[in-house]
Amino acid sequence: MIENKKKPNPIDIHVGSRIRLRRTMLGMSQEKLGESLGITFQQIQKYEKGTNRVGASRLQNISNILNVPVSFFFEDAPGEAHSAAGGMSESSSSNYVVDFLSSSEGLQLNRAFVKITDPKVRRRLVDLVKALAAEADME
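Definitions and cut-offs
Residues numbered from 1 in each chain as written. Predicted model: local features only at pLDDT ≥ 70, side-chain atom pairs only at ≥ 80, totals over all residues. Heavy atoms only, no water. Axes fitted to C-alpha atoms, helices over the stretch in contact; angles between N-to-C directions. Helix = DSSP H or I, 4+ residues; strand = E, 2+ residues; numbered from the N terminus. Parallel < 35°, antiparallel > 145°, perpendicular 65-115°, else oblique. Left-handed = near helix turned anticlockwise from the far one by under 90°. Contact = heavy atoms within 4.5 Å. Nonpolar A, V, L, I, M, F, W, Y, C, P; charged D, E, K, R; others polar. Buried < 20%, exposed > 50% of the residue type's maximum accessible area, 1.4 Å probe, protein only. Lys, Arg positive; Asp, Glu negative; His and termini not counted. Salt bridge = Lys/Arg side-chain N within 4 Å of Asp/Glu carboxyl O. Arc of directions from axis to C-beta. Patch = residues over 30% accessible without salt bridge, like charges linked within 9 Å, V, L, I, M, F, W, Y side chains within 5 Å. Areas by Shrake-Rupley, 256 points an atom, 1.4 Å probe, with all protein chains shown as cover.

Some words on the packing of helix H2 (residues 30–37) against helix H4 (residues 56–65)
Inference 1: At their nearest, the axes of H2 and H4 sit 10 Å apart, and the two run at 120° to each other. Comparing the axis directions of H2 and H4 gives the class oblique. Both H2 and H4 take part in a crossing whose hand is right-handed. Facing H2, whose interface residues are Leu-33, Ser-36 and Leu-37, H4 presents Arg-58, Asn-61, Ile-62 and Ile-65.
Inference 2: Taken together, the residues of the contact of H2 with H4 sort by class into four nonpolar, two polar and one charged.

Take a look at the structure:
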């Protein structure tokens, strides 16, 4: 038997992972996003895995629901040419943010941090994390 399954395009996989990233950052379920678009959560799963390609009009709807520009889904896409103005530092800095927010701990910290409304408490928390990181560097 000949295997005739087509591999997902790397861009489709990337766009899907960015949809998942933003959806989880907002604490939104696949069901809720699907409801908002008038499709099933299984279809959202296929988009997020890159199994199914997201059409332009649907991607526009998703960007509106998730409150990000369409360009968000293509940031750091594979094969993307980096401009001289942006340089590699910008690319690597956004990668660590994506990696952080893709982790369970990163999402938990992000969700908890945005609930803190007092700027002084936020500042002290940032100072604490910096101090802990500096201490870990010394070990």
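Some remarks on the side chain of Arg-22
Inference 1: Of note, Arg-22 is situated in helix H1 (residues 10–25).
Inference 2: Glu-75 provides the closest opposite charge to the buried, unpaired Arg-22, separated from it by 10 Å.
Inference 3: Apart from residues lying up to four places away in sequence, Arg-22 is in contact with Leu-66, Asn-67, Val-68 and Phe-72.

Regarding H2
Given 3.6 residues per turn, any residue in an α-helix points the same way as the ones three and four places further on.
Inference 1: If you check which residues of H2 are buried, you get Gln-30, Leu-33, Gly-34 and Leu-37. Along the long axis of H2, the arc covered by the buried residues comes to 100°, so they all point the same way.
Inference 2: Those residues of H2 hidden inside the fold are in contact with H1, helix H3 (41–49) and H4.
Inference 3: Gly-38 sits one or two positions beyond H2 and adopts a positive phi of about 75°.

Points about a nonpolar patch on the surface
Inference 1: Together, Leu-125, Leu-128, Val-129 and Leu-132 give the surface a local cluster of nonpolar side chains, amounting to about 340 Å² of exposed area.
Inference 2: You can see Val-129 is positioned in helix H7 (residues 119–138).
Inference 3: You can call Val-129 partly exposed: its relative accessible area is 49%.

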